[in-house]
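As a plain string of letters, each chain reads:
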Amino acid sequence: FSLGIPGAEQRLVELMANPKNDVREIVGRLLLDAPVTPALEPVLWQLAGAGRLEDRLAVLARLATTRGDARTLARWHAFARDPEKAVRQKALAALVQLDPAGSVDLFVEQLPLADYATQQALVEALTRASRGQGIAFAERILPLMAAGDAGTRSAVLKILLGMENRRELVRRYIALSKTL
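Cut-offs applied
- All residue numbers refer to positions counted from 1 along the written sequence of the respective chain.
- Whole-chain, interface and lining totals are the exception, using all residues; otherwise, since this is a predicted model, local features are given only for residues with pLDDT of at least 70 and side-chain atom pairs are given and counted only at 80 or more.
- Computation of side-chain values covers all heavy atoms of the structure but excludes hydrogens and water.
- Elements are defined by DSSP. Helices are runs of H or I of four residues or more, strands are runs of E of two residues or more, and each kind is numbered from the N terminus.
- Note on method: radius of gyration uses C-alpha positions; expected globular size equals 2.2 Å times residues raised to 0.38.
- We call a residue buried when its accessible area falls under 20% of the maximum for its residue type, exposed when it is over 50%, and partly exposed in between, using a 1.4 Å probe and counting protein chains only.
- Contacts: residue pairs with any heavy atoms within 4.5 Å of one another.
- Areas reported as accessible are Shrake-Rupley estimates using a 1.4 Å probe. Residue values count occlusion only from the protein chains shown.
- Salt bridge, as applied in this entry: a Lys or Arg side-chain nitrogen positioned within 4 Å of an Asp or Glu carboxyl oxygen.
- Every axis corresponds to a line fitted to the C-alpha atoms, with the helix fit spanning only the stretch in contact, and the corresponding angles, defined between N-to-C directions, vary from 0 to 180 degrees.
- Crossing handedness: left-handed means the near helix sits turned counterclockwise from the far one by under a right angle, and right-handed means the same turn made clockwise.
- Classification used: nonpolar for Ala, Val, Leu, Ile, Met, Phe, Trp, Tyr, Cys and Pro, charged for Asp, Glu, Lys and Arg, polar for all others including Gly.
- Per-residue confidence from the predictor is reported as pLDDT, which spans 0 to 100.

1. Focus: the overall build of the chain
For step 1, the next point in the chain: A tally of regular secondary structure across the chain gives 11 helices and 0 strands.
For step 2, the next point in the chain: Secondary structure of the chain in N-to-C order comes out as α-α-α-α-α-α-α-α-α-α-α.
For step 3, the next point in the chain: Compactness check: the chain gives a C-alpha radius of gyration of 20 Å against a globular reference of 16 Å for 180 residues, more than 25% above the reference.
For step 4, the next point in the chain: In terms of overall dimensions, the chain has C-alpha extents of about 65 × 30 × 20 Å along its principal axes.
For step 5, the next point in the chain: Expressed as a percentage of the 180 residues in the chain, the buried residues total 39%.
For step 6, the next point in the chain: Long-range pairs, those at least 24 residues apart, make up 55% of the contacts in the chain between residues at least 6 apart in sequence.
For step 7, the next point in the chain: By element, 55% of the accessible surface of the chain is carried by carbon and sulfur atoms, the whole surface being about 10,100 Å².

2. Some words on the pattern of salt bridges
For step 1, the next point in the chain: The full count for this structure, using the stated rule, is 9 salt bridges.
For step 2, the next point in the chain: In this structure, Arg140 and Asp105 form a salt bridge, with 2.5 Å as the shortest nitrogen-oxygen distance. With Arg140 in helix α9 (residues 135-141) and Asp105 in helix α7 (residues 104-110), the pair connects residues that are 35 residues apart, well separated along the chain.
For step 3, the next point in the chain: With its nearest N and O atoms 3.4 Å apart, the salt bridge here joins Arg171 to Glu168. Taken together, the residues span about one helical turn, with Arg171 and Glu168 both in helix α11 (residues 166-179) at a distance of 3 residues.

3. Points about helix α3 (residues 41-48)
For step 1, the next point in the chain: Taking burial as the measure, the 8 residues of α3 include 6 buried ones, the bulk of the element.
For step 2, the next point in the chain: The complete set of buried residues in α3 reads Glu41, Val43, Leu44, Trp45, Leu47 and Ala48.

4. So, the packing of α3 against helix α4 (residues 53-63)
For step 1, the next point in the chain: The geometry of α3 relative to α4 is characterised by a closest axis approach of 8 Å and an angle of 145° between their N-to-C directions. As for the relative orientation of α3 and α4, their crossing is left-handed in sense. Of α4, the residues touching α3 (which contributes Glu41, Leu44, Trp45, Leu47 and Ala48) are Arg56, Val59, Leu60 and Leu63.
For step 2, the next point in the chain: Its residues assigned to classes, the contact of α3 with α4 comprises 7 nonpolar, no polar and 2 charged.

5. Describing the confidence of the model for the chain
For step 1, the next point in the chain: Across the chain, pLDDT averages 86, with 94% of residues at or above 70.
For step 2, the next point in the chain: When mean pLDDT is taken per element in the chain, helix α6 (residues 85-98) scores highest with 96 and helix α1 (residues 8-16) scores lowest with 71.

See the structure below:
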């Protein structure tokens with residue numbers, strides 16, 4: 001995509017601020033084909049936050065190809081709580097790849113809300129994160145066993161089966177089940 005023209009990226013950023021929707025739409029389409037550079041990344045995040053769902057998902061797919069620094073991961077976490085289900089799923093899939101260990105609480109929160117494919121990716125990430133974590137990790141996910149959804153309970157069982165110290169896990173599970 002590189003035009004090799006100094007200031008081209010900055011000019012595209014300026015054009016995105018144009019009040020005319022047709023100009024913004026044309027520039028947005030150009031940006032979808034552009035490589036994600038430090039100059040364009042803030043604009044792409046802005047595009048991902050508003051507009052048509054298809055466009056937002058396309059921009060998020062482009063952004064998922066970048067590395068995850070602290071600021072980027074915070075943005076992904078925010079998109080993982082987006083009201084639009086498809087946006088949430090895309091953000092969760094990106095976080096599974098970019099920061100599975102740092103997103104455990106978010107994965108636990110979103111597990112009951114995710115579709116089957118995303119739920120399986122979350123289960124895999126949580127299972128990997130649970131290794132060596134002990135009972136404290138199990139206590140974070142055990143409350144999901146009370147969920148009314150059989151898929152969520154099944155997902156939690158898959159995670160628990162991947163953990164060590166099953167004797168203590170069974171004790172905690174029995175104690176939890178007595179409170180239900």
